[in-house]
Amino acid sequence: MSHPNGPVRSQPPGDANPMARNSESPLSSAVKPASRRSDAPGPGAGAGKVVAVSLLIGLLAGLLGLAPWLLTGARLPLQNLWGTQVLPAQMPLALLPLSQYEATTLVALMTTSGAAAGLAVRLWSPARRRLAMWCAAGGVILVQVTAAIQAFTVVGEGLAPGPMSSLYLAGLQGGVVAAVVAGLVVLLLLAAKSRALAALGVGLVAVPFVSWVAAGVAYAAGVGNVPLLLTMLWPWLPAVLVGGALAWCGLRPRVRALVWVVDLGLLWVVPAMFTAVQSVLGTRVLGGDLQEMAAMGKRVFAAALGSAGGAGPTILLALAIALVGAFARFPPRKPSEPGRADHGH
């Protein structure tokens, strides 16, 4: 039966007692939203932890990169332009091996620090990845800049005054800055989400990293005490690293073939660069003649790129490892198999 004044409308359960709904005081209604806002995590929640952990990663990676040198006792190498005649044991302590004879070692120390930090961030994979990358980079650079300031102060105080000493210091400073920048690039590549960029970072750091390992073994064993087998293996280890990285990267999508070309090219060019730098800076005959040093560097670099440089077999080894690994991990799809997107992270 219908109600005389119209159909009866049922109230929702929440509105069954209008007085109860309005009995809440204005103070309590103002306090509750505020408490809810205070309990909710803000946009900066967790950022502090990411910054702290990333800085710690960078600091530890910076120290790890310098470890082979620090474990030797960190005595500055003998300098041709030193102001006084001293024995090697009388040289002052320096956090970097500043010497024209240690140019490639400096590159290895700096780039390995960046590689260690980048790999750690990649394995950690935090939500705020970009923040973690740059904070880790800041930690690495802080260690490297501190070591460079201390070492250059020591060298600057000990060198004999003169234009040759100034030129020598300027050359060392330029080399250290270039090495720090190379380490930063390696860090950012290895910490990136993309497999292609990470594989590119491995190709860039493979030769310096093996040089870092070789320097650590040489410092620990002493001059002339490194086993012959290890000495024979050093030139082949970068190829193993590059081949493994390319196998992990794969060839899908096909644009990753460019990464393969670049990495194999780096495996060809970087050892030749190291050979040229060691040859030019390791001789005292030229005596600071920059024009002659540049000409000699070009000749040595061109020769190292040729068949005499021995890069061909290492490149073939890297390519073989990459192809076998890539086809084992990513076998060719059958024509009837539906295509799958490869995101590559």
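Conventions we followed
- Residues numbered from 1 in each chain as written.
- Predicted model: local features only at pLDDT ≥ 70, side-chain atom pairs only at ≥ 80, totals over all residues.
- Heavy atoms only, no water.
- Helix = DSSP H or I, 4+ residues; strand = E, 2+ residues; numbered from the N terminus.
- Buried < 20%, exposed > 50% of the residue type's maximum accessible area, 1.4 Å probe, protein only.
- Contact = heavy atoms within 4.5 Å.
- pLDDT = per-residue confidence, 0-100.
- Expected span 1.5 Å × (residues − 1).
- Arc of directions from axis to C-beta.
- Phe/Tyr/Trp six-rings, centres within 6.5 Å; stacked < 30°, edge-to-face > 60°.
- Core = buried A, V, L, I, M, F, W, Y, C linked by side-chain atoms within 4.5 Å.

(A) Local environment of the side chain of Gln79. Its place among the elements puts Gln79 in the loop between helix H3 (47-70) and helix H4 (103-124). Classification of Gln79 by relative accessible area gives buried; the value is 7%. Here Gln79 is in contact with Met91, Leu98, Ser99, Leu159 and Tyr168, once residues within four sequence places are set aside.

(B) Fine view of the confidence of the model for the chain. On average, residues of the chain score 84 in pLDDT, and 82% of them are at 70 or above. Here residues 1-41 is a poorly scored stretch, pLDDT under 50, and it has 5 contacts once near neighbours within four places are set aside; other chains count. Ignoring residues within four places in sequence, the model shows residues 339-345, a span with pLDDT below 50, making 13 contacts including any to other chains.

(C) Broad picture of the environment of Leu76. When you line up the elements, Leu76 lands in the loop between H3 and H4. Along the primary structure Leu76 and Pro97 are separated by 21 residues, whereas in three dimensions their C-alpha atoms are 5.8 Å apart. What Leu76 contacts, discounting residues up to four positions off in sequence, is Trp69, Trp82, Met91, Pro92, Ala94, Leu96, Leu98, Val154 and Val155.

(D) Summary view of unusual backbone geometry. The omega torsion of the bond from Arg252 to Pro253 falls at -5°, within 30 degrees of zero and hence cis. Counting through the fold element by element, Pro253 comes out in the loop between helix H9 (237-249) and helix H10 (257-281). Phi is positive for Ala74, which is not a glycine, with a value near 60°. Note on placement: Ala74 falls in the loop between H3 and H4. Positive phi, normally seen in glycine, also occurs at Ser125, with a value near 50°. You can see Ser125 is positioned in the loop between H4 and helix H5 (129-158).

(E) Geometry of helix H12 (residues 311-329). With 19 residues, H12 should cover 27 Å at 1.5 Å per step; its first-to-last C-alpha distance of 27 Å lies within 8% of that length. By the burial criterion, the buried members of H12 are Ala311, Thr314, Ile315, Ala318, Ala322, Gly325 and Ala326. Buried positions in H12, seen along its axis, are confined to an arc of 110° and lie on one side of it. In H12, the exposed positions angled more than 90 degrees off the buried face are occupied by Leu316, Val324 and Ala328. In this structure, the buried residues of H12 make contact with H9 and H10.

(F) Structural context of the packing of aromatic side chains. In total, this model carries 2 aromatic pairs according to the counting rule given. Relative to Tyr219, the ring of Trp69 lies with its centre 6.2 Å away and its plane at 65°, an arrangement referred to as edge-to-face. Of the two residues, Trp69 sits in helix H3 while Tyr219 sits in helix H7 (residues 195-221), which places them 150 residues apart along the sequence. Overall, Tyr219 belongs to the partly exposed group, its relative accessible area being 26%. The interplanar angle of 20° and the centroid separation of 5.8 Å between the aromatic rings of Phe209 and Trp212 together place this pair among those described as stacked. Taken as a pair, Phe209 and Trp212 lie in helix H7 at a separation of 3 residues, close to a single helical turn. Judged by relative accessible area, which is 32%, Phe209 ranks as partly exposed.

(G) Highlighting the nonpolar core. Among the nonpolar cores identified, the biggest contains 28 residues, and Leu76, Leu96, Leu98, Phe152 and Val176 are the most heavily contacted of them. Listed by contribution, the elements that provide at least two residues to this core are H3, H4, H5 and helix H6 (163-191). Tallying contributions element by element places H5 first for this core, with 7 residues. If you look at the next biggest cluster of nonpolar residues, it comprises 17 residues, including Ala196, Ala239, Trp260 and Ala311.

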